[in-house]
Amino acid sequence: MHVPDGFLDAPTSIATGVVATAAVAVALRGARRELDDRTAPMAGLVAAFVFAAQMINFPVGAGTSGHLLGGALAAVLVGPFTGALCLAVVLLVQGLLFADGGITALGTNITLFSLVAVGAGWLVFRGLQLLLPRRLSSVPVAAGLAGLVSVPVTAVAFVALFAAGGQAPVALEPVLTAMLGWHVLIGVGEALITALVVSSVVAARPDLVHGARPLLATRGLEIRTAGVAA
Amino acid sequence: MGAGHGHRLHYHGHSRIHRAEPHHKILALLGFVLVVVATPRDWFPAYAGFLAVLGVVIAISGVPVGYLLKRLVVEIPFVVFALLMPFIALGPTVEVLGMTLSKPGLLAAWALLAKGTLGVLASLTLAATTEPDDVLRGLQRLRMPELVVQIMGFMIRYLDVVTGELRRMTTAMRSRGCDPRSPRHWPALAKALGALFIRSYERGERIHLAMLSRGYTGRLPS
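The structure displayed is predicted, hence computed values, not measured ones. (Residues numbered from 1 in each chain as written. Chains lettered and ligands numbered in written order. Predicted model: local features only at pLDDT ≥ 70, side-chain atom pairs only at ≥ 80, totals over all residues. Heavy atoms only, no water.)

**So, the environment of A164(A)**
Residues and elements named next belong to chain A.
Then, in step 1: Turning to its location among the elements, A164 is positioned in helix α6 (residues 138-165).
Then, in step 2: Judged by relative accessible area, A164 falls into the exposed class, the value being 60%.
Then, in step 3: Remark: the alpha-carbon pair of A164 and L8, spanning 156 residues in sequence, is separated by 8.5 Å. (Helix = DSSP H or I, 4+ residues; strand = E, 2+ residues; numbered from the N terminus. Buried < 20%, exposed > 50% of the residue type's maximum accessible area, 1.4 Å probe, protein only.)

As structure tokens, this is what we get:
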């Protein structure tokens, strides 16, 4: 999914670079609010986690495999701003130290993953939280659906960038259809993994799931004595 | 950190390229790739020139060419895309070995391969000749926001720890008959990832407390 150098022309790369810079600046301010003085160590560790989680490949079919994007997952677990910041740092490290994703395409990659994937994932998650019953068990469901939507939305954003600055005369309609079809499929995998990971964190440490905090705040302390006495 | 110092792409050496200031190297890489991306695709001699420049830099750095070529595998996914290009692009067609290929598509495939490969090769050269700490110092000199550099520093410092933890977890799961690739075992895999997240988060909290107790105020001393 990483866009390499030379995939988009120079003006598009520079324009997305400006967008990405603005997005990172906003994410930095937001993350400071979400994590206060813990920003550096916490965001660093979460970024390391996202990097590790992306190493797990799952089969998509036709012999190829996709990996977790982690946009919706990061947004639900640590909040949209910290999540966007973590993904941007992951992309920066991958580009500079692992040659994965082009240096001039860094702005494009950050725009696609930090802005579009995390943003879309978070918006869907928040929207679903308003619709679904206000219970802890609906958090993983909302997270999964957010993951499902975030992948094809990112693919569409990619096609839009390709239409603006692509380096090949390709009929856009079939590309859009192919990208959408393919990425809905990848999105299903992303949705399942996201929902399962979030549900396992909710089971063990619900307080660590940023998206569950509004629910926890309304919950009173419950003291169960009968079970202990028996 | 059993993996030792440096990162997986670094190639230890003492060449002039290794010793160059990291912020100069990052700027040079960015400038080089931008020029490559902006070069019209049918200026074929220019691409030979770019490759020659890169070849000279690699020769000075003393990094074996095979070492870099082996690591070009990161570009395979988009090589596949480039190879598809002549089949899906529009425009006048040409017959090659009985296949109808699009002429602009062929040109686009060439441009993708040439620009992408030059970009990856240049990035690999930076990664092979620059320690992660130096990359961070370089970014700091280039006025990258301090907080981003700090987050990157923590990420790089704990990358091997966290990935090592995940590797041990998946090894343990495999030895119990789990196949991480099979969707049937995704629940187990997701629980492992959930546990990995909690461990990473709690490690971050412990690190933060340890730093506070040593006088950390939210900024790193310069």
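Back to the text.
**Topic: the side chain of Q94(A)**
All names here are of chain A.
Then, in step 1: Position of Q94 relative to the elements: it lies in helix α4 (residues 80-97).
Then, in step 2: Within polar-contact distance, the side chain of Q94 engages the side chain of Q54 at 3.2 Å.
Then, in step 3: Beyond its immediate sequence surroundings of up to four residues, Q94 is in contact with H2, F51, Q54, A99 and D100. (Polar contact = N/O pair within 3.5 Å; in protein donor to acceptor, adjacent residues only side chain to side chain. Contact = heavy atoms within 4.5 Å.)

**Remarks on the confidence of the model for chain B**
All names here are of chain B.
Then, in step 1: Of all residues in chain B, 93% attain a pLDDT of 70 or more, and the chain-wide mean is 83.
Then, in step 2: Within chain B, the element-level pLDDT minimum falls on strand β1 (residues 93-96), averaging 72, and the maximum on helix α8 (residues 146-175), averaging 90.
Then, in step 3: With pLDDT under 50 throughout, residues 1-6 is counted as low confidence; its partners more than four residues away or in other chains account for six contacts.
Then, in step 4: For this predicted complex, the interface confidence score (ipTM) comes to 0.86, while the overall pTM stands at 0.88. (pLDDT = per-residue confidence, 0-100.)

**Brief notes about helix α3 (residues 44-61) of chain B**
Residues and elements named next belong to chain B.
Then, in step 1: Relative to the 26 Å expected for 18 residues at 1.5 Å per residue, α3 spans 26 Å between its end C-alpha atoms, a close match to the ideal helical length.
Then, in step 2: Those residues of α3 not exposed but buried are Y47, F50, L54, I58 and S61. Looking straight down α3, one finds its buried side chains confined to an arc of 70°; they lie on one side. Away from the buried face of α3 by more than 90 degrees, exposed residues P45 and A59 are located.
Then, in step 3: Contacts from the buried residues of α3 go to α1 (16-19), α2 (22-38), α4 (65-70) and α6 (103-129). (Expected span 1.5 Å × (residues − 1). Arc of directions from axis to C-beta.)

**What to know about the pattern of salt bridges**
Pairs may arise between side chains of opposite charge once their charged atoms sit close together.
Residue and element names in this part refer to chain A.
Then, in step 1: Across all of its chains, the model carries four salt bridges over all chains by this definition.
Then, in step 2: A salt bridge links D207 to R205; its shortest N-O distance comes to 2.9 Å.
Then, in step 3: Judged by its relative accessible area of 36%, D207 is partly exposed.
Then, in step 4: Using a relative accessible area of 22% as the deciding quantity, one classes R205 as partly exposed. (Salt bridge = Lys/Arg side-chain N within 4 Å of Asp/Glu carboxyl O.)

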